[in-house]
Amino acid sequence: MRGPAAYAVRPARPSEVDRLPEIERRAARRFTEIGLDFLADGAVTDPAVFRRACGRGLWVAVRGVEVVGFALSRPLGDDVHLQEMDVVPEHGRRGLGRRLVEAVCAGARDAGARRVTLTTFRDVPWNGPFYARLGFREIDPGQHSAELRELIARELEAGLVPDVRCVMERPLGAFAPS
């Protein structure tokens, strides 16, 4: 089977988490296309983080038994924060990123969160513009919660320059992505 129907998005299983750092690494290689090599060469998420998120904030995209993408989220104050979303490039452009984001939003809604937040590169096509198509909008820095300000400070320490980054939110009311 080929096409989007060949894939499923579902909560991650503990037996799958050791594969996720490699997916993260492979997806980050796309950043070399735009001169952000340090992201492609940077550290990946510790599998222990993924293990802790199983059953409460970690979704995977699978084709058969092969995990080809994931979305990692976590509570952040009264919100849910989409911490990381990656799809192996060979499986990109099939709607998996959209489906993973929708799974995060559905899970956040079910948990009673008022919105999903994320930080991303404002102008990188598969970052800010992608999320905008899914109903996320940029938040003015004056509206950042204390938790978001702390998260942004950690990103700055990691070398992510704030003038090319943005914080986005998607309220969890009714929304149909375009």
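Below you will find a few notes about this structure. (Residues numbered from 1 in each chain as written. Predicted model: local features only at pLDDT ≥ 70, side-chain atom pairs only at ≥ 80, totals over all residues. Heavy atoms only, no water.)

Now for the pairing of strand S5 (residues 115-121). In terms of burial, S5 is a largely internal element, seven of the seven residues being buried. Residues of S5 alternate between two faces, with Arg115, Thr117, Thr119 and Phe121 on one and Val116, Leu118 and Thr120 on the opposite face, all of them buried. Pairing of strand S4 (residues 79-87) with S5, which is carried by two bridges, proceeds in the parallel orientation. Bridging across to S5, Val80 finds its partner in Val116. A crossover links S4 with its parallel partner S5, the connecting element being helix H4 (residues 96-110), and its sense is right-handed. Looking at chain direction, S5 and strand S7 (residues 165-171) are connected through seven bridges and run antiparallel. If you follow Thr117 over to S7, its bridge partner there is Glu169. (Buried < 20%, exposed > 50% of the residue type's maximum accessible area, 1.4 Å probe, protein only. Helix = DSSP H or I, 4+ residues; strand = E, 2+ residues; numbered from the N terminus. Pairing = 2+ DSSP bridges. Right-handed = clockwise from strand over helix to strand, strands pointing away.)

By secondary structure assignment, the location of Phe38 is in helix H2 (residues 37-40). Using a relative accessible area of 39% as the deciding quantity, one classes Phe38 as partly exposed. It is 9.4 Å that separates the C-alpha atoms of Phe38 and Ala28, two residues lying ten residues apart in sequence. Once residues lying within four places of it in the same chain are set aside, the contact partners of Phe38 are Ala158, Gly159 and Leu160. (Contact = heavy atoms within 4.5 Å.)

Within this structure, the stated rule accounts for zero disulfides. The thiol sulfur of Cys54 is not disulfide-bonded, and the nearest other cysteine sulfur, from Cys105, lies at 20 Å. For the unlinked cysteine Cys105, the closest cysteine sulfur is that of Cys166, found at 15 Å. Here Cys105 falls in the buried class, since its relative accessible area comes to 1%. (Disulfide = S-S within 2.5 Å.)

This next bit is on the sheet that holds strand S6 (residues 137-138). Taken together, the seven strands give an open sheet; going across it, the order is S1-S2-S3-S4-S5-S7-S6, and neighbouring strands pair in mixed fashion. Of all the strands in the sheet, the pair left with one neighbour each is strand S1 (7-11) and S6.

Moving on, we come to the nonpolar core. With 27 residues, the main nonpolar core has Leu82, Met85, Val101, Val116, Tyr131 and Phe136 as its most contacted residues. Breaking this core down by element, the ones donating at least two residues are strand S2 (58-63), strand S3 (66-76), S4, H4, S5, helix H5 (128-133) and S7. A total of seven residues in this core trace back to one element, the largest contributor, which is H4. Beyond its immediate chain neighbours, meaning those up to four positions away, Phe136 contacts Val101, Cys105, Val116, Leu118, Tyr131, Met168, Glu169 and Arg170. Core analysis: the second largest hydrophobic core is formed by 14 residues, Leu20, Ile23, Leu58 and Val60 among them. (Core = buried A, V, L, I, M, F, W, Y, C linked by side-chain atoms within 4.5 Å.)

With that settled, the discussion passes to unusual backbone geometry. For Arg93, which is not glycine, the phi dihedral falls at a positive 65 degrees. Tracing the sequence through the fold places Arg93 in the loop between S4 and H4. We classify Arg93 as exposed; its relative accessible area is 87%.

Moving on to the layout of surface pockets. In this structure, the largest pocket occupies an estimated 1,600 Å³ of space. If you trace the largest pocket, you find 47 residues lining it, with Phe31, Glu84, Met85, Asp86 and Asn127 closest to the centre. Mapped onto the lining of the largest pocket, the elements with two or more residues apiece are helix H1 (20-28), H2, S4, H4, S5, H5 and helix H6 (146-157). For the lining of the largest pocket, the element with the most residues is S4, which contributes seven residues. Of the residues belonging to the lining of the largest pocket, the class tally is 23 nonpolar, eleven polar and 13 charged. Each pocket or cavity is described by its volume, and for the second largest pocket that value is around 200 Å³. Lining of the second largest pocket is provided by 14 residues; of these, His144, Ile152, Pro162, Arg165 and Val167 occupy positions nearest its centre. Looking at the lining of the second largest pocket, the elements with two or more residues in it are H6 and S7. Here the residues of the lining of the second largest pocket sort into eight nonpolar, two polar and four charged. (1 Å grid on protein atoms, 1.4 Å probe; cavity = no way out; pocket = protein on both sides within 12 Å on 5 of 7 lines; lining within 4 Å. Points joined across faces, edges and corners; volume = space filled by probe spheres on them. Nonpolar A, V, L, I, M, F, W, Y, C, P; charged D, E, K, R; others polar.)

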